[in-house]
Amino acid sequence: MQATADQIDALKQVIRQLADSSHAEDQQYLADHLPAAFAAQPAGVQKKAQAAHFNHSELQLLSALGDDVVPYSELSARLPFSQGLMSRYVKRLVETGLVVKQPIGTNKKSYALATTSLGKQAAAFHADMHARDDARLAAALQTIDAPALATTLAVLKQLATVLAD
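Please read all numbers here as calculations on a predicted model, not as lab measurements.

Here is what the cut-offs are and how they apply
- Residues numbered from 1 in each chain as written.
- Predicted model: local features only at pLDDT ≥ 70, side-chain atom pairs only at ≥ 80, totals over all residues.
- Heavy atoms only, no water.
- Helix = DSSP H or I, 4+ residues; strand = E, 2+ residues; numbered from the N terminus.
- Rg over C-alpha atoms; globule rule 2.2 N^0.38 Å.
- Buried < 20%, exposed > 50% of the residue type's maximum accessible area, 1.4 Å probe, protein only.
- Pairing = 2+ DSSP bridges.
- Phe/Tyr/Trp six-rings, centres within 6.5 Å; stacked < 30°, edge-to-face > 60°.
- Lys NZ or Arg CZ within 6 Å of the ring centre and 35° of its normal.
- Core = buried A, V, L, I, M, F, W, Y, C linked by side-chain atoms within 4.5 Å.
- Contact = heavy atoms within 4.5 Å.

Student: When you look at the overall build of the protein in this model, what are you seeing that I'm missing?
Tutor: Assigned secondary structure in the protein consists of seven helices and three strands. The order of helices and strands in the protein, counted from the N terminus, is α-α-α-β-α-α-β-β-α-α. For the protein, whose C-alpha radius of gyration is 20 Å, the value lies well above the compact-globule estimate of 15 Å for 165 residues. Along the first, second and third principal axes, the C-alpha atoms of the protein reach 60 × 35 × 25 Å. Within the protein, the proportion of its 165 residues that are buried is 26%.

Below you can see the structure in the form of structure tokens.
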């Protein structure tokens, strides 16, 4: 079956609506909860944090660090960010007190990253945000009958497979 331009446009629109809805929810959750984590920080850190408007990728980086001290090169290999974006995210996270750099050996260019206690709080918000997203999605999926859901999943899996080739 040949997909029509209208079908392709409808699919793109639905995907955009789903992404926009999730993004708006995530941004609202962060706006409602993250400032409280910075309330006990010095005024300069609070001001930088408010101006930073953390994005999901930066929070993903914090979550990838977890409680570990991770060499930058290893973390960079784990995450899907370009070198430039990775450097920018790390710089912002260091400036806002969420991450600290630790030198590795005597090479001034090699360093490891670790989350601060504030960074761990932000990573926890990220995990909570995803848990809320999962709960919203689960509740929405409960409104769809099982055969329709199975068909939708099958179509999306097939689409992903075809596009990956």
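Student: Even after reading the chapter, I still don't get the pairing of strand S2 (residues 99-104), so can you show me in this structure?
Tutor: Successive residues of a regular strand alternate their side chains across the two faces of the sheet. Note: S2 against strand S3 (residues 107-115), six bridges, orientation antiparallel. Each bridged residue has a counterpart across the sheet, and for Lys101 the counterpart in S3 is Leu113. Hairpin remark: S2 followed by S3, antiparallel, with two residues in the connecting loop; positive phi at Gly105, about 65°.

Student: What am I meant to see in the packing of aromatic side chains here?
Tutor: To describe a pair of aromatic rings, one takes the distance between the centres and the angle between the planes. Going through the model one piece at a time under the given rule, you end up with two aromatic pairs. Plain terms: the ring middles of Tyr72 and Tyr111 are 5.2 Å apart, the flat faces sit at 45° to each other, and that makes the pair tilted. In this pair, Tyr72 is assigned in helix H4 (residues 72-78) and Tyr111 in strand S3, connecting sequence segments 39 residues apart. Judged by its relative accessible area of 17%, Tyr111 is buried. Positioned above the aromatic ring of Tyr111, the side-chain terminus of Lys101 is 4.5 Å from the ring centre.

Student: Got a minute to help me understand the nonpolar core in this structure?
Tutor: When a protein is soluble and globular, its nonpolar side chains tend to lie buried together. Judged by nonpolar contacts, the single largest core of 27 residues is most densely connected at Leu61, Leu62, Leu75, Leu98 and Leu113. Elements that contribute at least two residues to this core include exactly helix H1 (5-38), helix H3 (56-65), H4, helix H5 (83-95), S3 and helix H6 (117-141). Here this core gets five residues from one element, more than from any other, and that element is H6. Those residues in contact with Leu62, other than ones at most four positions away along the chain, are Leu93, Leu98, Val99, Thr115, Gly119, Ala122 and Ala123.

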